[in-house]
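As a plain string of letters, each chain reads:
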Amino acid sequence: MKIYKDIFTGDEMFSDTYKIKLVDNVIYEVYGKLICRKVGEVEIAGFNPSAEEPDEGTDSSMETGVDIVLNHRLQETYAFSSKKSYTLYLKDFMKKLVAKLEEKAPDQVEVFKTNVNKVMKDILSRFQELQFFTGESMDIDGLVGLMEYRDIEGDTVPVLMFFKHGLEEEKL
């Protein structure tokens, strides 16, 4: 299993246990689902919870949400009340990301810049439909994931989007 982490904060953003699609070699689209579970219960495919602490029959509360958000402890942020505020964040984040990319893979910088403009123009056209999520540290200077709901084959599916180059893969 692979865990994808924010290269700036080290926060866990998602894993390869979900359906993932790479768009224009820039954005990972991660397809989740709405779930209802006991608070604190993590359900990731291929993950076996520890049997060290058996259920003592106590009352438990339930939580409802998107599996990716709950399982990876993503935190919704309300820092972007307007397209302008998100665009300002995006400019700063892209500068840091391009600097990191020039360090690690200078041959990919121009392709990234070209593709990211096209992808972000499309995403920003749907700005009002987006929700924004940071990793567990809630560090707004790191990667901010975007989420929207799409109608796929008659079902409403939550889709989270993350910049590919803002992530590092960790194999478990």
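Look above for the structure.
The shown structure was predicted, so the numbers you read here are calculated from the model rather than taken from an experiment.

Caption draft 1: Summary view of the pairing of strand β1 (residues 2-6). When you tally the buried positions in β1, you get four out of five residues, the bulk of the element. Sheet analysis places β1 next to strand β11 (residues 167-171), joined by five bridges and oriented antiparallel. Its bridge partner being in β11, D6 is matched across the sheet by L167. Alignment of β1 against strand β2 (residues 12-15), held across three bridges, turns out to be antiparallel. Within the sheet, the bridge partner assigned to Y4 lies in β2 and is F14. In textbook terms, the turn of a hairpin is the stretch between consecutive antiparallel strands, and for β1 and β2 this stretch comprises five residues, one of which, G10, has a positive phi near 80°.

Caption draft 2: Region of the structure containing the sheet that holds strand β10 (residues 155-163). Read across the sheet, six strands follow the order β3-β4-β10-β9-β8-β7 without closing on themselves; strand pairing throughout is antiparallel. Each edge of the open sheet carries a strand with a single partner, namely β3 (19-23) and β7 (75-77). Within the sheet, the average angular offset between the axes of one strand and its neighbour, ignoring direction, is 35°. Here strand β4 (residues 27-31) runs beside β10; their pairing, made up of five bridges, is antiparallel. From the neighbouring strand, E29 faces β10, where its bridge partner is M161. On the sheet, helix α2 (residues 83-104) packs against β8 (131-134), β9 (145-152) and β10 and is oriented at approximately 50° with respect to β10. Relative to β10, helix α3 (residues 109-124) is tilted by about 140°, and along the sheet it contacts β3, β4, β9 and β10.

Caption draft 3: Local environment of the sheet that holds β11. Pairing in this open sheet of three strands is antiparallel, and the strands run β2-β1-β11 from one edge to the other. Looking along the sheet, the strands with just one partner apiece sit at the ends: β2 and β11. In this sheet, adjacent strand axes meet at a mean angle of 30° when their direction is disregarded.

Caption draft 4: Main features of α3. Taking 1.5 Å per residue, 16 residues should reach 22 Å; α3 reaches 22 Å between its end C-alpha atoms and fits that length. Taken together, the buried positions of α3 are occupied by V109, F112, N115, V116, V119, M120, I123 and L124. On its buried face, α3 is in contact with β3, β4, α2, β9 and β10.

Caption draft 5: Expanded view of the packing of aromatic side chains. If you walk through the whole model with that rule in mind, you get 14 aromatic pairs. Seen from their ring centres, F80 and F132 are 5.1 Å apart, and the 65° between their planes marks the pair as edge-to-face. One end of the pair, F80, is in the loop between β7 and α2; the other, F132, is in strand β8, with 52 residues separating them in the sequence. F132 carries the same exposure label as F80, and that label is buried. Here Y89 and F93 contribute two aromatic rings whose centre-to-centre distance is 5.6 Å and whose plane-to-plane angle is 20°, an arrangement assigned as stacked. Placement of the pair is Y89 and F93 together in helix α2, with a separation of four residues, close to one helical turn. Across the pair, F93 and Y89 agree in class, each one buried. Stacked on the ring of F8, the Lys or Arg K96 has its end atom at 4.7 Å from the ring centre.

Calculation notes
- Residues numbered from 1 in each chain as written.
- Predicted model: local features only at pLDDT ≥ 70, side-chain atom pairs only at ≥ 80, totals over all residues.
- Heavy atoms only, no water.
- Buried < 20%, exposed > 50% of the residue type's maximum accessible area, 1.4 Å probe, protein only.
- Helix = DSSP H or I, 4+ residues; strand = E, 2+ residues; numbered from the N terminus.
- Pairing = 2+ DSSP bridges.
- Axes fitted to C-alpha atoms, helices over the stretch in contact; angles between N-to-C directions.
- Contact = heavy atoms within 4.5 Å.
- Expected span 1.5 Å × (residues − 1).
- Phe/Tyr/Trp six-rings, centres within 6.5 Å; stacked < 30°, edge-to-face > 60°.
- Lys NZ or Arg CZ within 6 Å of the ring centre and 35° of its normal.

None of this, on its own, says anything about what the molecule does.
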